[in-house]
Amino acid sequence: MGSSEDRRLRFFFLTLFIFLVATTLTSLVNYLLFHTIAELFSIVIGCLIFMIAWTARDRIENSYLLFIGIGYLFIAGIDLLHTLAFRGMNIFAGYDANLPTQLWIAARSLEAATLLIAAVLIPRRVNPKIQFGIYLALATALIWSIFSPGVFPDCFIEGSGLTPFKIYMEYLLSILFAATVLLLYQKKAYFEPRILHLMIAALGTTIIAELAFTFYIDVYGLSNLIGHLFKIVSFALIYLALVDTGIRRPLEILYRDLAESERKFRGLFNVMNEGFAFHEIVRDDEGNAVDYRILEVNPAFEESLSIPAADAIGKTSRDLYGLEEPPFLKRYATVADNGQPITFEEYLPHLNRYFKISVFSEKKDRFATIFTDITRSVEDQKALHLANKKLNLLTSLTRHDIVNNITAAEGYLYLIDTEDMPPDTIRYINGLREQIRAIQRKNEFSRDYQDMGIDAPTWQSLEQILEQYRADHKENVVIGIENELAGYEIYADPMLPRVFENLIGNALIHGKTLTYIRWYAEESADLLRIICEDDGAGVPDGKKETIFRPAFGRSHGFGLYLVSEILSITGITIRETGTYGEGARFEINVPTEKFRRIS
């Protein structure tokens, strides 16, 4: 506890002590005045507890404090009637000292029940409105029973003093308050230590007050005075526990944290590189969105658009940008209506620049935009695309020339008469033919590799890709190809069909005993596994990883390397998990964000 908190508590208890002394002194002059001051003190405290608890009900985490806050409003209400009915006030004609004593028992009974039930309900939370309605009905019923003759038991008889009912009720109430102390202690984990100690102290003084009220014969007697003094202390401690410690300090912390959060986010708002603008939709008399008004902008907005904040805030987009049609009004109005955020990239002709814009809304007809100037990025992409286009044109022409050279070389080799040549020479010529064919295969591979990654990935149906392959090869593929891939699309390079073509082609070439190829999918929590398995020869254990490496110098090997490269563009992986001698099994693992179900 800080020194400032210590000083505040010392001041609180010093003020309470002075108030008790002053109130006691008034009893020497006029006991009715003392009683009125003492009761008004508890009434004001009860109302304050309610008003603060009710106002802060959405921010109070401790349901116990809110439950008591509501209950004390009605306790204060009955205490007010008790004060007005006290002997000497002469407000309720025809009633004697029994009426205020009955009202006292009713108020204390409601107080004991409130404190006990609140402790029992910890940590459950009761709907405040329902509790308010129940207490209203209960307080009304108690007041009616007291003012209706013969319904509520007598508590005081002039000339003889307290009735047995009143005395027994005071003892019962003391027991209930003591039970509440035990319950609070058992559930101390739900309270700050200071709140717990103050509530126990308040309940202890309440028990003393109740016991004091079992002795008096005259309502102006000493035990009555002592009971009211302890009641003042009890209510003061409850106020300190519930309002000052249980509500004020948490709210101070809450507001301080909010202020700190606002400072941090305001700092972020001011230094962020992205432009930010907050808007409201402008509608015509028929409710149609016709424009939007800028409400707030950050420094990055000013720098990016070269528009000072003072010139932007409060203006509509037509006035600010000087355009006939507000930019992206339809998109902005849609977000402001349904609250669904969107992100898009657009070219703004009046600024001759490209922007990436994110739009979101937390309140109808209000929306915010965060935008980034991506002109340089778009221009770089265009330049890169142009360079790739030129490079592809050059490599295409080069490949075409290589094909012509290969065709010519094969023609010359065909014209060579090997009939009378020595065996070694014939072997050399055949080796030359094989090398020419290898060059041709590498030339074809470079064509496929060149096309990979040129176009943006797209969502593609697995079932349709496999069906298209079967349709294109139905005359030269005699084995069965099972297609069990319905219902899925994956996000992959447009060359995805070559993955299917190469895996099937690899099985046809190396399967030996192959009779079928089966394609199916298995979905788990974090990925989609696409499986291609067959009943061919399979892959030896020592080659399960090397088959995906570029096999330069061999007569084959580019197909699976190309498959792996195509899939890796969007983070998809492939591995071989089959059993050698039983068949090959290729597993294509697709991350959860790269596949989706389709109907």
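Residues numbered from 1 in each chain as written. Predicted model: local features only at pLDDT ≥ 70, side-chain atom pairs only at ≥ 80, totals over all residues. Heavy atoms only, no water.

## Here's the deal with the pairing of strand β13 (residues 573-576)
Looking along a regular strand, one sees the side chains alternate between the two faces of the sheet.
1) Next: Burial along β13 is one-sided: I574 and E576 are buried, while T573 and R575, pointing the other way, are not.
2) Next: With 4 bridges connecting them, β13 and strand β14 (residues 585-591) associate as antiparallel partners. Looking across to β14, one finds that R575 is bridged to E587. (Buried < 20%, exposed > 50% of the residue type's maximum accessible area, 1.4 Å probe, protein only. Helix = DSSP H or I, 4+ residues; strand = E, 2+ residues; numbered from the N terminus. Pairing = 2+ DSSP bridges.)

## Looking at the confidence of the model for the chain
For any part of a model where pLDDT is low, the fine detail of the predicted coordinates should not be relied upon.
1) Next: Per-residue confidence for the chain averages 84 on the pLDDT scale, and 88% of its residues sit at or above 70.
2) Next: Here residues 552-557 is modelled with pLDDT under 50, and outside its nearest four sequence neighbours on either side it reaches 10 contacts, counting other chains as well. (pLDDT = per-residue confidence, 0-100. Contact = heavy atoms within 4.5 Å.)

## Looking at unusual backbone geometry
1) Next: At N352, a residue that is not glycine, the phi angle is positive and equals roughly 55°.
2) Next: Assignment of secondary structure puts N352 in the loop between β5 (342-348) and β6 (353-363).
3) Next: Its identity as a non-glycine residue notwithstanding, K512 has a phi of 60°, on the positive side.
4) Next: Of note, K512 is situated in the loop between α16 (496-510) and β11 (516-523).

## Some thoughts on the sheet that holds strand β12 (residues 527-534)
Hydrogen bonding along the main chain pairs the strands of a sheet, whether they run parallel or antiparallel.
1) Next: Reading across from one edge, β9-β11-β12-β14-β13 is the order of the 5 strands in this open sheet, with mixed pairing throughout. Because the sheet does not close on itself, it has two edges, and the strands there are β9 (480-484) and β13. Here the average twist between neighbouring strands, direction ignored, is 15°.
2) Next: In this sheet, β11 lies alongside β9 in parallel orientation, the contact comprising 5 bridges. Bridge pairing in β11 links N483 to W519.
3) Next: Sheet strands in contact with helix α15 (residues 462-472) are β9, β11 and β12, and its direction is about 160° off that of β9.
4) Next: Packing against the sheet, α16 makes contact with β9, β11, β12, β13 and β14, and its axis sits at approximately 135° to β11. (Axes fitted to C-alpha atoms, helices over the stretch in contact; angles between N-to-C directions.)

## Overview of helix α3 (residues 63-85)
1) Next: Over its 23 residues, α3 runs 34 Å from end to end, which matches the ideal 33 Å to within 8%, given 1.5 Å per residue.
2) Next: In terms of burial, α3 is largely enclosed, as 19 of its 23 residues are buried. (Expected span 1.5 Å × (residues − 1).)

## Side note on empty space enclosed by the protein
1) Next: Tallied over the full model, the rule gives 4 cavities of 30 Å³ or more.
2) Next: The computed volume of the largest cavity comes to approximately 220 Å³.
3) Next: For the largest cavity, the lining is made up of 16 residues, of which L305, Y321, Y332, L348 and I357 are closest to its centre.
4) Next: Listing elements by their share of the lining of the largest cavity, those giving two or more residues are β3 (275-283), α9 (299-305), β6 and β7 (366-373).
5) Next: Here the residues of the lining of the largest cavity sort into 13 nonpolar, 3 polar and no charged. (1 Å grid on protein atoms, 1.4 Å probe; cavity = no way out; pocket = protein on both sides within 12 Å on 5 of 7 lines; lining within 4 Å. Points joined across faces, edges and corners; volume = space filled by probe spheres on them. Nonpolar A, V, L, I, M, F, W, Y, C, P; charged D, E, K, R; others polar.)

## Some remarks on the pattern of salt bridges
1) Next: In this structure the tally under the stated criterion is 29 salt bridges.
2) Next: Of the charged contacts in the structure, one is a salt bridge between R331 and E346, with a shortest N-O distance of 2.8 Å. Of this pair, R331 sits in helix α12 (residues 329-338) while E346 sits in strand β5, and the two are 15 residues apart along the sequence.
3) Next: With relative accessibility at 32%, the residue R331 sits in the partly exposed group.
4) Next: Each of E484, R518, E522, R529, E533, R575, R585 and E587 takes part in a single network of salt bridges with overlapping partners. (Salt bridge = Lys/Arg side-chain N within 4 Å of Asp/Glu carboxyl O.)

## Let's talk about the packing of α3 against helix α4 (residues 98-121)
1) Next: Axis separation between α3 and α4 bottoms out at 8 Å; the angle between their running directions is 175°. One element, α3, and the other, α4, form an angle in the roughly antiparallel class.
2) Next: Class assignment for the residues of the contact of α3 with α4 results in 21 nonpolar, 3 polar and 3 charged. (Parallel < 35°, antiparallel > 145°, perpendicular 65-115°, else oblique.)

## Notes on the nonpolar core
Taken as a class, soluble globular proteins show a tendency for nonpolar side chains to be buried jointly.
1) Next: Y64, I68, L115, L184 and M199 are the most contacted members of the largest nonpolar core, which totals 68 residues.
2) Next: Broken down by secondary-structure element, the contributors of at least two residues to this core are α1 (3-29), α2 (31-55), α3, α4, α5 (128-147), α6 (164-186), α7 (193-212) and α8 (222-271).
3) Next: A per-element tally of this core places α3 first, with 12 residues.
4) Next: In contact with Y64, not counting residues within four places along its chain, are L115, A118, A119, I122, L184, F191 and M199.
5) Next: The next biggest cluster of nonpolar side chains, apart from the first, holds 38 residues, and it includes I481, L560, I566 and I572. (Core = buried A, V, L, I, M, F, W, Y, C linked by side-chain atoms within 4.5 Å.)

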